[in-house]
Amino acid sequence: MTHAAIDIGASSGRLIIGEMKDGKLHMKEVHRFANGFTEKKGTAYWDIDHLVREVVKGLAEVKRLGYASVTAGIDTWAVDYVLVDEQGKRLQEVVAYRDSRTEHTIEKVTSIIPKNVIYEKTGIQFLPFNTLFQLYEEDKELLQKAKHILLVPDYLGFCLTGRAVTEATNASTMQLLNVAGQDFDQELLDLLSIQRNQFAPLVGPGEKLGPLRKETFPEYDLPDCEFYTVGSHDTASAIAGTPGFGEEWAYLSSGTWSLLGIESAAPITNPLAYEDNYTNEWGVFGTYRFLKNIMGMWVMQEVRRHLPQDYNFAEFVEEAKKVEPYQQFVNFNEDRFLNSLNMVDEIKVYCRETNQPVPETPGELASCVYSNLAIIYAIAINDLQKITGHSVNRLHIVGGGSNNALLNQMTADMSGKAVLAGPSEATAIGNLIMQMIAAGELADLEEGRQLISHSFPLVSFQPASVNRDERIQEFQLKTGKQPI
Ligand SMILES: Nc1ncnc2c1ncn2[C@@H]1O[C@H](COP(=O)(O)OP(=O)(O)OP(=O)(O)O)[C@@H](O)[C@H]1O
Ligand SMILES: C[C@H](O)[C@H](O)[C@@H](O)C(=O)CO
Ligand SMILES: [Mg+2]
């Protein structure tokens, strides 16, 4: 059986087909397209119609390649939603989570329901753009008109099959689900004046969603396609696609964001987890993604956008290798880097404010970003071990960032942990694995991870002794980021 993973990240989307042959997972990228948000009249929006078109184009390409019948699953970035009316029409453009409208909303909401109460209810990290805060700022009249409030992957599934669901892994990122009750929290819904039935029924990954409604797209020659729910939060699929085994492993899903954490059988919401803003996003098969959002390759994407040279990411790494690392210490996890007007200027201003050498060249800027991300990852692993009592002896880095051998080595050096890099397309692979389990081709996630480890070679990086403690202490001194 051939399966199609539709994986749409904040920076790019792709349709990848996969099938199991001779005990290996064989994949082919069939379609790739750009994604990104644009500002219109001061608000940041996604182009959701572009994404629908690109998904349908990708499915048409699947048919053109001779696959008459496939299954498919959709995963995207988290938290953002679409309001849909009684006729199934979108009520507004889709606001992007980096929009400034929720800059001060955490304070507003937590002045009504205390922060610790929300964390006890949801176990979810406080990020300014969580759906809870976006909906608090949403136009109340529009909200009232909405028959459905659909997260982006659920909306895409609705457009393609006509069926509205709320897939649980992505639903958890909204910070509206009560982890004890395993459904929406009524007090939080009341705060937003939202009825429970405005959210479609919660469903888990691995369930049949429905057939592609070809008649909706008559201008395309499309395959027969049965859609399944998967880990529709891309990070849930990325973790499902990470070939970690046993206890002592952690993951770093390295793309626009760096998501660093462990797979836990139960939520972890102790005081240290709350203080250090760790999250318990719902994973596949009832697991919890105990992780922390760290500013990731977004920083390099924005540096690239604001430099006159047109380097690709591999070229940035080569330029960074020519520069002495750890020349300045920058806490890229500060909100100021979430959507700076000009990331290059923001980094320079930060270094001037903290009386540090200012990076000027592309290599100096890339080295500054990679050096500090490696330190931030190392601190996050130390904190993770303290919070959970879980020891980590190897870090699996997956996603596009796993192609960065320099950063992989720096991460091993700063954390003192072995790094296993790859697969780069772990999200699409985790998406495919869920479909194969649902189709009965694989027994469970463990067998899926065995298949991944047999199909995609990992690259290993061992830690070198590089004044780890001194550099981390200097980072904490210069940035004020104290250990928990
Ligand atoms: N060869 C490479 N060398 C260095 N970095 C790379 C390389 N290839 C990709 N990257 C990094 O990976 C990032 C893209 O990662 P990935 O493809 O996982 O993101 P995405 O899926 O498009 O978006 P999201 O993270 O939102 O899912 C790029 O921004 C870049 O920084
Ligand atoms: C906004 C979310 O935190 C972000 O999308 C992250 O969870 C993600 O999905 C990274 O691809
Ligand atoms: Mg991705």
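Numbering of residues begins from 1 in every chain and follows the order in which that chain's sequence is written. Key to labels: chains lettered from A, ligands numbered from 1, both in the order written. This being a predicted model, a pLDDT of at least 70 is required before a residue's local features are given, and a value of 80 or more before pairs of side-chain atoms are given or counted; all residues contribute to the totals for chains, interfaces and linings. Water and hydrogen atoms were dropped before computing side-chain values, which therefore reflect all heavy atoms in the structure.

1. Comments concerning the domain arrangement of the protein
Here is step 1: Domain ranges listed in this record stem from an automatic or a database domain assignment. In terms of domains, the protein is made up of domain 1 (3-232) and domain 2 (242-422 + 458-484).
Here is step 2: Relative placement of domain 1 and domain 2: their C-alpha centres are 26 Å apart.
Here is step 3: Should any heavy atoms of two residues lie within 4.5 Å, those residues are considered in contact. Facing the 27 residues of domain 1 at the interface are 25 residues of domain 2.
Here is step 4: For the pair domain 1 and domain 2, the summed buried area comes to about 2,100 Å², and 57% of that belongs to carbon and sulfur atoms.
Here is step 5: Per-residue buried area on domain 1 facing domain 2 is highest for R98, Y119 and Q125; these three make up 35% of the total on that side.
Here is step 6: Identification of polar contacts relies on pairs of N or O atoms within 3.5 Å, with a donor-acceptor requirement for protein atoms, meaning one able to donate a hydrogen and the other able to accept it, and with residues adjacent in sequence counted only if both atoms are side-chain atoms. Taken together, domain 1 and domain 2 are joined by 12 residue pairs in polar contact (both at pLDDT 80 or more).
Here is step 7: Those elements that provide at least two residues to the side of domain 1 that touches domain 2 are α3 (115-122), α7 (168-171) and β11 (177-178). Buried area is calculated as the accessible area (1.4 Å probe) missing from two parts once they are joined, with the contributions of both summed. Put simply, DSSP marks the helices as runs of H or I at least four residues long and the strands as runs of E at least two long, and each gets a number from the N terminus on.

2. So, the UniProt feature "active site" (unreviewed entry) in the protein
Here is step 1: In this numbering, the UniProt entry assigns the feature "active site" (unreviewed entry) to D234.
Here is step 2: Counting through the fold element by element, D234 comes out in helix α9 (residues 234-240).
Here is step 3: Three exposure classes are used, based on accessible area relative to the maximum for each residue type with a 1.4 Å probe and protein chains only: buried under 20%, partly exposed in between, and exposed over 50%. Judged by relative accessible area, D234 falls into the buried class, the value being 15%.
Here is step 4: Not counting residues up to four positions away in its chain, the partners in contact with D234 are D7, I8, G9, D75, T76, W77 and T427. UniProt positions are given in the numbering used here, feature names are shortened, and annotations may be inferred rather than shown by experiment.

3. Considering the packing of aromatic side chains
Here is step 1: Ring pairs are drawn from Phe, Tyr and Trp, using the six-membered ring of Trp, whenever the two centres fall within 6.5 Å, and their geometry is named by plane angle: stacked under 30 degrees, edge-to-face over 60, tilted for the rest. Tallied over the full model, the rule gives 16 aromatic pairs.
Here is step 2: Where F126 meets F133, the ring centres are 6.4 Å apart and the plane angle is 35 degrees; that geometry is what we call tilted.
Here is step 3: Using a relative accessible area of 7% as the deciding quantity, one classes F126 as buried.
Here is step 4: Members of the aromatic cluster, each reached through a chain of ring pairs, are F37, W46, W77, Y97, F129, W257 and W298.
Here is step 5: It is K115 that lies over the ring of F126; its NZ or CZ is 5.0 Å from the centre. By definition here, charges over rings are those cases where NZ of Lys or CZ of Arg is within 6 Å of the ring centre and within 35 degrees of the ring normal.

4. Considering the site of ligand 2
Here is step 1: What makes a residue near a molecule or strand is one non-hydrogen atom of that residue sitting within 4 Å of it. In the vicinity of ligand 2, the residues found are W77, A78, V79, Y97, F129, H233, D234, T235, W257, L259 and N293.
Here is step 2: Within the backbone of A78, one N or O atom sits 3.2 Å away from an oxygen atom of ligand 2.
Here is step 3: Elements with a minimum of two residues in the shell around ligand 2: α9 and β17 (257-264).
Here is step 4: Classification convention: Asp, Glu, Lys, Arg as charged; Ala, Val, Leu, Ile, Met, Phe, Trp, Tyr, Cys, Pro as nonpolar; all other residues, Gly among them, as polar. Here the residues of the shell around ligand 2 sort into 7 nonpolar, 3 polar and 1 charged.

5. Section: the site of ligand 1
Here is step 1: In the region of ligand 1, 19 residues are neighbours, and A10, S11, S12, T256 and Q301 sit closest.
Here is step 2: Q301 has a polar side-chain atom sitting 2.8 Å from an oxygen atom of ligand 1.
Here is step 3: Within the backbone of G401, one N or O atom sits 3.3 Å away from an oxygen atom of ligand 1.
Here is step 4: To be clear on the numbers: accessible area is Shrake-Rupley with a 1.4 Å probe, and residue cover counts the displayed protein chains and nothing else. Out of a free accessible area of 640 Å², ligand 1 has 82% covered by protein chains.
Here is step 5: Among the secondary structure elements, those contributing two or more residues to the shell around ligand 1 are β2 (12-21) and α12 (313-321).
Here is step 6: In terms of residue count, the dominant contributor to the shell around ligand 1 is α12 (3 residues).
Here is step 7: In the shell around ligand 1, the residues fall into 5 nonpolar, 12 polar and 2 charged.
Here is step 8: Inspection of the shell around ligand 1 shows a minimum of three residues originating in each of domain 1 (3-232) and domain 2 (242-422 + 458-484).

6. Concerning the UniProt feature "binding site: substrate" (unreviewed entry) in the protein
Here is step 1: As recorded in UniProt, the sites labelled "binding site: substrate" (unreviewed entry) are A78, H233, D234, T235 and N293. Judged by maximum C-alpha separation, these annotated positions cover 216 residues in sequence but sit close together in space, the widest gap being only 13.6 Å.
Here is step 2: The residue H233 is located in the loop between β15 (224-228) and α9 in this model.
Here is step 3: You can call H233 buried: its relative accessible area is 5%.
Here is step 4: Contact partners of H233, with chain neighbours within four places excluded, come to D75, T76, W77, A78, E167, T169, N170, T173, E281 and R289.

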